[in-house]
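# Analysis of the macromolecular model
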Amino acid sequence: MNDKIQMVDLRSQYMRLKEEIDTAMQAVLDSAWYIKGPAVASFETHLAGYLDVEHVIGCANGTDALQIALMALGLEPGDEVIVPAFTYVATAEVIALLHLKPVMVDVRPDTFDLTAEVVEAAITPRTKAVVPVHLFGQTADMAPIMDVARKHGIFVIEDNAQAIGARYEMAGSRLAAGTIGDIGTTSFFPAKNLGCFGDGGAIFTREEGLAARIRMIANHGQSKRYYHDEIGVNSRLDALQAAILDVKLKHLDDFAARRRKVADTYDAAFSKLETVQTPVRSLKSDHVFHQYTLRIKDGRRDALKAHLNAQGIPANIYYPVPLYKQKAFAPFSEVKHLPVTEMLCKEVLSLPIYTEMRPEIQERIIQGVRSFYE
Ligand SMILES: *Cc1c(COP(=O)(O)O)cnc(C)c1O
């Protein structure tokens, strides 16, 4: 067995599900139906059932999913879209790419998500949409965000690349992350909670009209074959990836349970370290732990990371730089200082977490952190 510790051990999950996955992949190879076809349709239907949402449209990756979602809203150049400054670059990148204006706002120090108050304060007459990001595995507090969005007539796109399978309590139901706003997007990048063996993504919506528009945009703006109604893109989920995802979807709740168990063990191990804040769990969303992210509040985050790395224990910083301080976003950096985002960029440290983490591996990671404080 390989004892090198990894942030995410993808191989161990594949080995456990190998028979099921290999059979599904072989069926696609035998059919020679590589683009669209029954494998993609089957996965889209199963994912729609799992999420309890009317429409799921596969696409090439999570960044495309965000771009296509925005394109479907019919916005005008210069329209403003509110995004958290503490997120992966893709969330804001596609906004700028479409000549829209990303308006970056601060996040909560406990759950790292944006709040309805911050969103409302950022709304101007040009605001057309907000993109809450369900960071690290639990949803933003969506009910008040939806209220603010409805009150001001703006669209909500949920960037759900990190929280697929999480459920949020709202109006007496438990709604799947990504099905609460107008459109939800996700990524099937291998290291995501529902990961394929390459790139993949999907877009969810309850609305028939939006779904039709999204399908058309993802397929060269084509309404019927060789008739193009608008400028679109070519963004498809491959049949092979869909077949793999169809197998893995059946295990997604088990994956989340396994991740939560790892998180619980970390929580218990670190609860007595005074300057280490373990992940704060939302009261309304369950946590599927895409990342297990600590806040190191004694100013020694980088030293702890170096201490772990020196022992062969990986630990990563998601994310080290507020988006408005990135060179690429210089044209949008009239916001100069968001205190929580800047604090988090200095304090966060994510530890390895995955579905087949062996107790002895986790113990080495825990001892690595403890030894720093002894
Ligand atoms: C991974 C990720 C994306 C982009 O997904 P890709 O499939 O890599 O394009 C977008 N947003 C967030 C929050 C992500 O974590």
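Residues numbered from 1 in each chain as written. Predicted model: local features only at pLDDT ≥ 70, side-chain atom pairs only at ≥ 80, totals over all residues. Heavy atoms only, no water.

## A closer look at the domain arrangement of the chain
As assigned here, the chain comprises domain 1 (10-249) and domain 2 (252-373). A C-alpha centroid distance of 24 Å is found between domain 1 and domain 2. Of the residues lining the interface, 47 residues belong to domain 1; the matching set on domain 2 comes to 38 residues. Carbon and sulfur atoms supply 60% of the area buried between domain 1 and domain 2, which totals about 3,800 Å² over both sides. Contact with domain 2 buries area across many residues of domain 1, yet M104, F136 and N193 alone supply 19% of it, more than any other trio. Taken together, the connections running from domain 1 to domain 2 amount to 4 salt bridges. At the junction of domain 1 with domain 2, the criterion picks out 22 residue pairs in polar contact (both at pLDDT 80 or more). Contributions of two or more residues to the side of domain 1 that touches domain 2 are made by α1 (10-31), α4 (90-97), β3 (101-105), β6 (167-170) and α8 (239-249). (Domains from an automatic or database assignment. Contact = heavy atoms within 4.5 Å. Buried area = accessible area lost by both parts, 1.4 Å probe. Salt bridge = Lys/Arg side-chain N within 4 Å of Asp/Glu carboxyl O. Polar contact = N/O pair within 3.5 Å; in protein donor to acceptor, adjacent residues only side chain to side chain. Helix = DSSP H or I, 4+ residues; strand = E, 2+ residues; numbered from the N terminus.)

## Side note on the layout of surface pockets
Space inside the largest pocket adds up to approximately 500 Å³. As for the largest pocket, its lining consists of 27 residues, of which Y88, Q162, S187, F189 and K192 are closest to the centre. Mapped by element, the contributors of at least two residues to the lining of the largest pocket are α3 (62-71), α4 and β8 (183-187). The residue makeup of the lining of the largest pocket includes at least three contributed by each of domain 1 (10-249) and domain 2 (252-373). (1 Å grid on protein atoms, 1.4 Å probe; cavity = no way out; pocket = protein on both sides within 12 Å on 5 of 7 lines; lining within 4 Å. Points joined across faces, edges and corners; volume = space filled by probe spheres on them.)

## A short note on the side chain of D9
As for its placement among the helices and strands, D9 is situated in the segment before α1. With no salt bridge to any partner, buried D9 finds its closest opposite charge in R358, at an N-O distance of 6.5 Å. Here R11 takes part through its backbone nitrogen, which lies 3.2 Å from a polar atom of the side chain of D9. (Buried < 20%, exposed > 50% of the residue type's maximum accessible area, 1.4 Å probe, protein only. Lys, Arg positive; Asp, Glu negative; His and termini not counted.)

## Considering the packing of α1 against α8
Two elements in contact, α1 and α8, have axes whose closest approach is 9 Å; the angle formed by their N-to-C orientations is 135°. With respect to their mutual orientation, α1 and α8 come out oblique. In this structure, α1 crosses over α8, and the sense of that crossing is right-handed. Within the contact between the two elements, α1 uses Q13, E20, I21, A24, M25, V28 and L29 and α8 uses A239, L240, A243, I244, V247 and K248. In terms of residue class, the contact of α1 with α8 is made up of 10 nonpolar, 1 polar and 2 charged. (Axes fitted to C-alpha atoms, helices over the stretch in contact; angles between N-to-C directions. Parallel < 35°, antiparallel > 145°, perpendicular 65-115°, else oblique. Left-handed = near helix turned anticlockwise from the far one by under 90°. Nonpolar A, V, L, I, M, F, W, Y, C, P; charged D, E, K, R; others polar.)

## Focus: the sheet that holds strand β5 (residues 155-159)
Either a parallel or an antiparallel arrangement is found when strands of a sheet pair, and the pairing is made through backbone hydrogen bonds. Read across the sheet, 7 strands follow the order β1-β9-β8-β5-β4-β2-β3 without closing on themselves; strand pairing throughout is mixed. Of all the strands in the sheet, the pair left with one neighbour each is β1 (55-59) and β3. Ignoring which end each strand starts from, the neighbouring axes of this sheet average 25° apart. Judged from the 3 bridges that link them, strand β2 (residues 80-84) and strand β4 (residues 127-130) form a sheet pairing that is parallel. The residue of β4 that forms the bridge with E80 is T127. (Pairing = 2+ DSSP bridges.)

## Considering unusual backbone geometry
The step from Y318 to Y319 runs through a cis peptide bond, and the omega angle for that step is 10°. Relative to the assigned elements, Y319 resides in the loop between α10 (301-310) and α11 (339-347). Positive phi values are uncommon outside glycine, yet F112 reaches one of about 70°. Mapped onto the fold, F112 is located in the loop between β3 and α5 (116-122). One non-glycine residue, F289, adopts positive backbone phi at about 45°. With respect to the helices, strands and loops of the structure, F289 is situated in the loop between β12 (276-277) and β13 (292-296). On the basis of relative accessibility, which here comes to 0%, the residue F289 falls in the buried class.

## Quick notes on the nonpolar core
F86, Y266, F270, Y292, L308, L351 and I365 are the most contacted members of the largest nonpolar core, which has 38 residues in total. Broken down by secondary-structure element, the contributors of at least two residues to this core are α9 (252-270), β13, α10, α11, β14 (348-351) and α12 (359-373). Split by domain, this core shows at least three residues from each of two domains, domain 1 (10-249) and domain 2 (252-373). F270 has contacts with V276, T278, Y292, L294, L351, I366 and V369, leaving out every residue within four places of it along the chain. By size, the runner-up hydrophobic cluster in this structure holds 36 residues, among which are L73, L75, A85 and F329. (Core = buried A, V, L, I, M, F, W, Y, C linked by side-chain atoms within 4.5 Å.)

## Structural notes on the sheet that holds β13
With antiparallel pairing, the 3 strands of this open sheet are ordered in space as β12-β13-β14. Two strands bound the open sheet, and with one partner strand each, they are β12 and β14. Sheet topology places β13 next to β14; 4 bridges connect them, and they run antiparallel. What sits directly across from L294, in β14, is L349. The sheet strands contacting α10 are β13 and β14, and the helix crosses β14 at an angle near 25°.

## Focus on the environment of Q162
In this fold, Q162 is placed in the loop between β5 and β6. On the basis of relative accessibility, which here comes to 8%, the residue Q162 falls in the buried class. In the structure, Q162 is positioned 70 residues away from A92 in sequence and 16 Å away in space, judged by C-alpha atoms. The contact partners of Q162, leaving out residues within four places of it in the chain, are H134, L135, F136, G137, N193, V288, H290 and Y319.

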